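# Structural features, examined
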Amino acid sequence: MSGAAGCQGGGGGGGDRGPRWRRPWKLLALGLLSASSVLAAAPGAEAMSKEEKRRLGNQVLEMFDHAYSNYMEHAYPADELMPLTCRGRVRGQEPSRGDVDDALGKFSLTLIDTLDTLVVLNKTKEFEEAVKKVIKDVNLDNDIVVSVFETNIRVLGGLLGGHSVAIMLKEKGEYMQWYNGELLHMAKELGYKLLPAFNTTSGLPYPRVNLKFGVRHPEARTGTETDTCTACAGTLILEFAALSRFTGTSIFEEYARKALDFIWEKRQRSSNLVGVTINIHTGDWVRKDSGVGAGIDSYYEYLLKAYVLLGDDSFLERFNTHYDAIMRYISQPPLLLDVHIHKPMLNARTWMDSLLAFFPGLQVLKGDIRPAIETHEMLYQVIKKHNFLPEAFTTDFRVHWAQHPLRPEFAESTYFLYKATGDPYYLEVGKTLIENLNKYARVPCGFAAMKDVRTGSHEDRMDSFFLAEMFKYLYLLFADKEDMIFDIEDYIFTTEAHLLPLWLSTTNQTISKKNTTTEYTELDDSNFDWTCPNTQILFPNDPMFAQSIREPLKNVVDKSCPRGISRAEENLGSGPKPPLRARDFMASNPEHLEILKKMGVSLIHLKDGRVQLVQHAVQAASSLDAEDGLRFMQEMIELSSQQQKEQQLPPRAVQIVSHPFFGRVVLTAGPAQFGMDLSKHKAGTRGFVAAIKPYNGCSEITNPEAVKEKIALMQRGQCMFAEKARNIQKAGAIGGIVIDDNEGSSSDTAPLFQMAGDGKNTDDITIPMLFLFNKEGNIILDAIREYEAVEVLLSDKAKDRDLEMENMDQKSSENDSHKQNSEEATSASQDVGAVSEEPEEGESSDVTDPDSLSPANSDSDSVSISNRDSYVPGTDEASAPEPACTQGDDQPQEQKTDTESNSKVNWDNKVQPMESILADWNEDIEAFEMMEKDEL
């Protein structure tokens, strides 16, 4: 998801609509640039020196080189790099990841997605070489089913962005003199391959298409889908219109416009909101929740940017209509919460997804700066707590989905807020992003996505958008105008940050700009400024404006969750009270019980002190009350499920800390319900690993001398986990790692498990035990075969690398010419035992089956809902369920303590000469290459 460079302000509201598009991009490039002079001297944020900005810009370039060179060396021509195993991800050769793999089409995705990034980063020679490779090697006629949405924004957009900067460089006269529109020819070929997806009565495209056989061909293996997401159908107009304008072939723009027109006509008329998924044949909304995150996000983005690029007022009118609804119902500053399109005053869920991080950047483009600053600051506080933005987090800022695939949306909004305000605070935010990427995501073969932000464990993926967007926005954040070889203000960014020239607005206008918006609702005139607002109006000469908005949100994550009055609640006045929300319900409140009765919900007290809630729609006072009751039950089920998950143990981390890994490789591990609780022993347990005999650990260990004071490796199977733990503890092991015996199992594709006890008292087990799936376990086993002595850290979350090792590591990368053979290097290291703290008592379980595994993320109750009866599993009456967070909540204090203890962790120093580090660095890549035998 990307912002736009083009509409950068310029003039207040009103104005003549006609002539402005005869001089499109110059008018649109004035406002945000002038803002830097307004706030440059803001006393609340110390200005960053030019030297520091240049240093950070150079650091971004080095990071990009690290990611790009490793893709080209280890993955190309595959679509993406797998940075942990140093090989390419080829669809069909790796375990399926579901819909995520629909982006892969065996067309060198990462290289195409990166083309215009090379030019933005002034790597023109590399760009020229990359274009030649794409022309020579890439085949678009593959028998493979791909996502229409992903292929459009990444591949078609990448080819068009590459073409845009190629003709710009050719015009300058130094590079690309041989170029004759080859990328545009490929883009047109791909455009025709996507057109069969639009063969529906509605004009909405099928979500997938076969590049070779289309949709309904017998060999296509697609075309049976009935639903698509709003963003999937509504994020086509920029690329398709640009293709039409570049080539003079109008069909592409016509199809994209028809899809947008259909979505607009199907909006919910009373709320002016759209749902997440829609039936492509009937136009019925399948998922009726609405927000600005996943499933809808770029639909809103492309309405505004289509106005910027194409000059069609109808797109701006539609965007402003939707934006008014978003700010009326979804925006609850600083939160952005999904609502029901038919009842927009009711929240549809209690968590937010990370894709909404693009929205502050879009608000900057709209000119609505205050809420952009508020939401961005809230997101930044979440990042400071977890190092990265989790894929989803709750309204009280706990992790809901723990993954982070190195998404660029927050960096995008940071860039645009800096452009809008000139506030050096946002340079410091960008600096934090750079530091976190290098500290937690960087591995020898690139940058690895985070499997779990709580533990710091990695996932073997580096998506193409990381190179297409992240480095582009970070570099632009720190670059001055003289650092660029072209004027970035002459282009608009697509949602994948590809560059399209603004002069397309006056080229090959084969489509009439007739206003097709129907049943348009007149709103406040302030919503209809026909150009982006001037920053002198946004910031009336007040250099402290942005800081004054951020300040109240500084501690919003750690201290309390904001509960401001939403616009919808303000409009209620003294009218009817909003329906009872599940998060506010208290079983001891008589008024709440009366409301439940009115909604047809019965409360049953159980003997164990819990309560059950059951709904009978026929007992409700009215059909509207019955509907409110059903929604209440759905919310309660979600809260109950969330509480159950919180009672389960979180994932743990196995971090390889010995040479040549130095803490860069972090593996997701399943916890045990017995033994040392690593969450209460922040230093974790560190030691060298050793395989036991017998390898299953089900009898007395026959090689205790090899296991003593080490972390024992064993295979799952043939006896209880607790029995394995007792045997290795008796042999003197300080910890244990159980490796799954199911070939090919991986935390990437399987749900996390926790090891259960044996139904007996397990207080005698005092060492930590962790579980690794087969793929992650093999990484350790391969490292042992390659390096013999492998040291790991068992912990609740990944720890920072040793500062001494960090410095040595950096110096070694800067002095490659002084590397020596590893045989000349000498090093000494020592085993480190478990921490000296007394272990906590373990938990017991009634499970008696051998090798019992408890899914860490599964619900213990199965709940079904119908229109007649709904049921919620019992919850504690005393606490079920309280509001999500309160002023008296002491959890943030615990979090603070955790952070402090983590920051004070000191690993034991290793006695290892500099020469050894320099020599060993040369082996990094070889180490990872040996981890997998089936390289591309």
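Everything discussed here concerns the structure shown above.
What this report covers is the structure whose coordinates are included nearby.

## Re the overall build of the chain
When its secondary structure is counted, the chain shows 29 helices and 32 strands. Per-residue burial for the chain yields a buried fraction of 62% across its 936 residues. In the chain, of all internal contacts separated by at least 6 residues, the share reaching a separation of at least 24 is 76%. Roughly 36,100 Å² of accessible area belongs to the chain as shown, and the carbon and sulfur atoms make up 48% of that amount.

## Some words on the state of the cysteines
Across all of its chains, the model carries three disulfides by this definition. Across a sulfur-sulfur distance of 1.8 Å, Cys-86 and Cys-445 are joined as a disulfide pair. One quick way to see it: the torsion about the S-S bond of Cys-86 and Cys-445 is about 110°, and its sign makes the bridge right-handed. One end of the pair, Cys-86, is in the loop between strand 1 (80-82) and strand 2 (87-89); the other, Cys-445, is in the loop between strand 15 (442-443) and strand 16 (446-447), and 359 residues separate them in sequence. Each disulfide pairs two cysteine sulfurs, and for Cys-698 the partner residue is Cys-719, the sulfurs being separated by 2.1 Å. The chirality of the disulfide connecting Cys-698 with Cys-719 is left-handed, given an S-S dihedral of about -85°. Taken as a pair, Cys-698 in the loop between strand 25 (685-691) and helix 23 (704-707) and Cys-719 in the loop between strand 26 (711-715) and helix 24 (721-730) lie far apart in primary sequence, 21 residues in all. Cys-719 matches Cys-698 in its accessibility class, with the two residues each being buried.

## Focus: the side chain of Thr-124
Relative to the assigned elements, Thr-124 resides in helix 5 (residues 124-137). When its relative accessible area of 9% is taken as the criterion, Thr-124 is described as buried. For Thr-124, the side chain forms a polar contact with the side chain of Tyr-175, separated by 3.5 Å. If sequence neighbours within four positions are ignored, Thr-124 has contacts with Leu-118, Leu-169, Tyr-175 and Ile-485.

## Let's talk about helix 15 (residues 409-421)
Between its first and last C-alpha, helix 15 extends 18 Å over 13 residues, near the 18 Å set by a 1.5 Å rise per residue. For helix 15, a buried count of 13 out of 13 residues is recorded, marking the element as mostly surrounded by other parts of the structure. Two residues or fewer past helix 15, Gly-422 is found with a positive phi of approximately 65°.

## Side note on the environment of Asp-289
Along the chain, Asp-289 turns up in strand 8 (residues 289-290). According to the relative accessible area criterion, Asp-289 is buried, its value standing at 12%. Between the C-alpha atom of Asp-289 and that of Val-276, which follows or precedes it by 13 residues, the distance is 6.2 Å. When neighbours within four sequence positions are excluded, Asp-289 is seen to be in contact with Val-274, Gly-275, Val-276, Ile-296, Asp-338, Val-339 and Ala-348.

## Section: the sheet that holds strand 13 (residues 392-394)
A sheet is described by the order of its strands in space; here three strands give the open sequence 12-13-14, paired in antiparallel fashion. Each edge of the open sheet is held by one strand with a lone partner, namely strand 12 (351-353) and strand 14 (399-401). Mean inter-strand twist for the sheet, computed between neighbouring axes without regard to direction, equals 30°. Examined bridge by bridge, strand 12 and strand 13 share three bridges and lie antiparallel to one another. If you follow Asp-353 over to strand 13, its bridge partner there is Ala-392.

## Considerations on helix 25 (residues 774-787)
Taking 1.5 Å as the rise per residue, helix 25 with 14 residues should run 20 Å; its terminal C-alpha atoms sit 20 Å apart, in good agreement. Along helix 25, ten of the 14 residues are buried, which leaves the element largely enclosed by surrounding structure. Looking only at helix 25, the buried set comprises Asn-774, Lys-775, Glu-776, Gly-777, Ile-779, Ile-780, Leu-781, Asp-782, Ala-783 and Tyr-787.

## Regarding the nonpolar core
Core analysis: the biggest nonpolar cluster contains 181 residues, and Phe-127, Leu-437, Phe-447 and Phe-471 have the highest contact counts within it. For this core, the element with the highest residue contribution is helix 6 (residues 148-172), accounting for eleven residues. Those residues in contact with Phe-471 that lie beyond four places of it in its chain are Val-60, Met-63, Phe-64, Ala-67, Leu-121, Phe-447 and Phe-466. In this structure, Ile-711, Ile-734, Ile-780 and Leu-781 belong to the second largest nonpolar core, which totals 24 residues.

## So, the pattern of salt bridges
It is possible for side chains bearing opposite charge to pair when their charged atoms get close. This structure, assessed with the given rule, holds 45 salt bridges. Arg-54 is paired through a salt bridge with Asp-483; the nearest N and O atoms lie 3.6 Å apart. Of this pair, Arg-54 sits in helix 3 (residues 50-74) while Asp-483 is found in the loop between helix 17 (464-478) and strand 19 (491-493), placing the two residues 429 residues apart along the sequence. Given the relative accessible area of 17%, Asp-483 is considered buried.

## Some points on the environment of Trp-178
Mapped onto the fold, Trp-178 is located in the loop between helix 6 and helix 7 (182-194). Trp-178 gets classed as partly exposed once you look at its relative accessible area, which sits at 32%. Taking the C-alpha atoms as reference, Trp-178 lies 9.9 Å from Glu-128; in sequence the two are 50 residues apart. Once residues lying within four places of it in the same chain are set aside, the contact partners of Trp-178 are Glu-128, Val-131, Lys-132 and Ile-135. One polar contact links Trp-178 to Glu-128, side chain to side chain, over a distance of 2.5 Å.

## Section: unusual backbone geometry
In terms of backbone geometry, most residues other than glycine have negative phi values and most peptide bonds are trans. Each neighbour pair has its own omega, and for Tyr-76 with Pro-77 the value is 10°, a cis peptide bond. One can find Pro-77 in the loop between helix 3 and strand 1. Cis geometry is found at the peptide bond from Lys-693 to Pro-694, where omega equals -5°. With respect to the helices, strands and loops of the structure, Pro-694 is situated in the loop between strand 25 and helix 23. A positive phi is found at Phe-397, a non-glycine position, where the angle reads about 70°. If you trace the backbone, Phe-397 turns up in the loop between strand 13 and strand 14. Judged by its relative accessible area of 1%, Phe-397 falls in the buried class.

## Points about the environment of His-681
Take His-681: it is sitting in the loop between strand 24 (665-669) and strand 25. Judged by relative accessible area, His-681 falls into the buried class, the value being 0%. A polar contact is formed between the side chain of His-681 and the backbone oxygen of Asp-677, at a distance of 3.0 Å.

## Considering the sheet that holds strand 27 (residues 735-739)
Strand order in the open sheet made by the seven strands is 24-23-30-25-26-27-29, with mixed pairing throughout. Strands at the two margins of the open sheet, each flanked by one partner only, are strand 24 and strand 29 (769-772). Averaged over all neighbouring strand pairs, the angle between strand axes comes to 30°, with direction disregarded. Alignment of strand 23 (residues 652-656) against strand 24, held across five bridges, turns out to be antiparallel. What sits directly across from Ala-653, in strand 24, is Thr-668.

## What to know about the packing of aromatic side chains
By the definition in use, this model includes 32 aromatic pairs. Aromatic side chains Tyr-323 and Phe-359 sit 6.2 Å apart centroid to centroid with 25° between the ring planes, which places their arrangement in the stacked category. Of this pair, Tyr-323 sits in helix 12 (residues 313-330) while Phe-359 sits in helix 13 (residues 359-366), and the two are 36 residues apart along the sequence. For Phe-359, a relative accessible area of 0% translates into the label buried.

## Side note on the side chain of Arg-442
With respect to the helices and strands, the residue Arg-442 is situated in strand 15. A polar atom in the side chain of Arg-442 sits 2.6 Å from the side chain of Glu-62. Polar contacts involving the side chain of Arg-442 include one to the side chain of Asn-438, which spans 3.1 Å. Those residues in contact with Arg-442 that sit more than four places away from it in its chain are Glu-62, Met-63, His-66, Leu-437, Phe-447 and Arg-664.

The rules behind these values
Residues numbered from 1 in each chain as written. Predicted model: local features only at pLDDT ≥ 70, side-chain atom pairs only at ≥ 80, totals over all residues. Heavy atoms only, no water. Helix = DSSP H or I, 4+ residues; strand = E, 2+ residues; numbered from the N terminus. Buried < 20%, exposed > 50% of the residue type's maximum accessible area, 1.4 Å probe, protein only. Contact = heavy atoms within 4.5 Å. Areas by Shrake-Rupley, 256 points an atom, 1.4 Å probe, with all protein chains shown as cover. Disulfide = S-S within 2.5 Å. Polar contact = N/O pair within 3.5 Å; in protein donor to acceptor, adjacent residues only side chain to side chain. Expected span 1.5 Å × (residues − 1). Pairing = 2+ DSSP bridges. Axes fitted to C-alpha atoms, helices over the stretch in contact; angles between N-to-C directions. Core = buried A, V, L, I, M, F, W, Y, C linked by side-chain atoms within 4.5 Å. Salt bridge = Lys/Arg side-chain N within 4 Å of Asp/Glu carboxyl O. Phe/Tyr/Trp six-rings, centres within 6.5 Å; stacked < 30°, edge-to-face > 60°.

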